[in-house]
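Here is how the chains run, residue by residue.
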Amino acid sequence: NAGVTQTPKFRILKIGQSMTLQCTQDMNHNYMYWYRQDPGMGLKLIYYSVGAGITDKGEVPNGYNVSRSTTEDFPLRLELAAPSQTSVYFCASSNNEQFFGPGTRLTVL
Amino acid sequence: GQNIDQPTEMTATEGAIVQINCTYQTSGFNGLFWYQQHAGEAPTFLSYNVLDGLEEKGRFSSFLSRSKGYSYLLLKELQMKDSASYLCAPRRSGGYQKVTFGTGTKLQVIP
């Protein structure tokens with residue numbers, strides 16, 4: 001099993017650009033999550049999904065969108081990137097404990 | 001809501017034992033996780049407690065007291081590679097397994 005994979009690993013965006021962070025899991029987990037982690041801070045939940053076709057907002061959803069068309073994939077969309085979205089983004093999946101992807105390091109300039 | 005309190009930083013000596021405490025206030029408590037996060041890497045699962053008591057897994061043990069809203073992670077025979085942040089994460093019962101992560105305790109192991 002590859003576990004949870006994320007692409008890209010690094011990205012630099014200009015203000016106002018948009019992009020999609022990809023996340024795929026091969027463990028047939030129902031639950032999937034997107035977090036952001038700012039330097040020296042804890043994980044903040046952006047969006048989550050309890051199964052294909054079902055998504056909901058977490059603590060910090062503004063500026064982001066998600067979709068869950070399949071069990072495996074849970075992409076995160078950033079529209080109109082802002083410097084405040086500079087962060088490390090982690091995707092995770094679970095049926096009990098969470099398994100995390102390696103993260104995407106995003107810088108918005 | 002959930003409030004989580006754990007020390008920001010700790011330092012311990014290689015070969016020693018260290019205990020990282022976590023207190024939490026969680027409505028509808030449904031278990032507590034501990035994760036390890038090395039600098040620049042993703043968190044990895046260490047332990048899960050849902051009942052009171054001690055769970056031992058090799059050099060790592062985790063304790064839970066539900067009535068006190070208290071947990072600790074015990075690391076024995078410390079190694080340099082144990083230098084990392086340790087995240088306490090209580091879970092609230094509900095449809096999506098809501099887990100809240102604390103800001104973590106940064107442990108530095110020194111020779």
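Residues numbered from 1 in each chain as written. Chains lettered and ligands numbered in written order. Predicted model: local features only at pLDDT ≥ 70, side-chain atom pairs only at ≥ 80, totals over all residues. Heavy atoms only, no water.

A. The arrangement of the sheet that holds strand β3 (residues 19-25) of chain A in detail. All names here are of chain A. Read from one edge of the open sheet, four strands run β1-β3-β8-β7, paired in antiparallel fashion. Looking at the sheet topology across the chains shown, the edges are occupied by β1 (4-7) and β7 (64-66). Strand after strand, the sheet turns through a mean of 20 degrees between neighbouring axes, direction not considered. Direction of pairing for β7 relative to strand β8 (residues 76-78): antiparallel, over a ladder of three bridges. Looking at β8, one finds that Asn65 is bridged to Arg77. (Pairing = 2+ DSSP bridges. Helix = DSSP H or I, 4+ residues; strand = E, 2+ residues; numbered from the N terminus. Axes fitted to C-alpha atoms, helices over the stretch in contact; angles between N-to-C directions.)

B. Up close: the side chain of Ser94 of chain A. Considering the arrangement of structural elements, one finds Ser94 of chain A in strand β9 (residues 87-94). Separated by 3.0 Å, the side chains of Ser94 of chain A and Tyr33 of chain A make a polar contact. (Polar contact = N/O pair within 3.5 Å; in protein donor to acceptor, adjacent residues only side chain to side chain.)

C. Focus on the interface of chain B and chain A. Counting from both sides, the interface comprises 18 residues of chain B and, opposite them, 19 residues of chain A. Between chain B and chain A lies a buried interface of about 1,500 Å² when both sides are counted; carbon and sulfur atoms form 55% of it. Inspection of the chain B/chain A interface yields zero salt bridges. The tally of links between chain B and chain A comes to four residue pairs in polar contact (both at pLDDT 80 or more). Within the residue set of the side of chain B that touches chain A, elements represented by two or more residues are β4 (29-37), β5 (44-49) and β9 (84-92) of chain B. Here the side of chain B that touches chain A takes three residues from β4 of chain B, the largest share from any one element. Looking at side-chain class alone, the side of chain B that touches chain A contains ten nonpolar, six polar and two charged residues. (Contact = heavy atoms within 4.5 Å. Buried area = accessible area lost by both parts, 1.4 Å probe. Salt bridge = Lys/Arg side-chain N within 4 Å of Asp/Glu carboxyl O. Nonpolar A, V, L, I, M, F, W, Y, C, P; charged D, E, K, R; others polar.)

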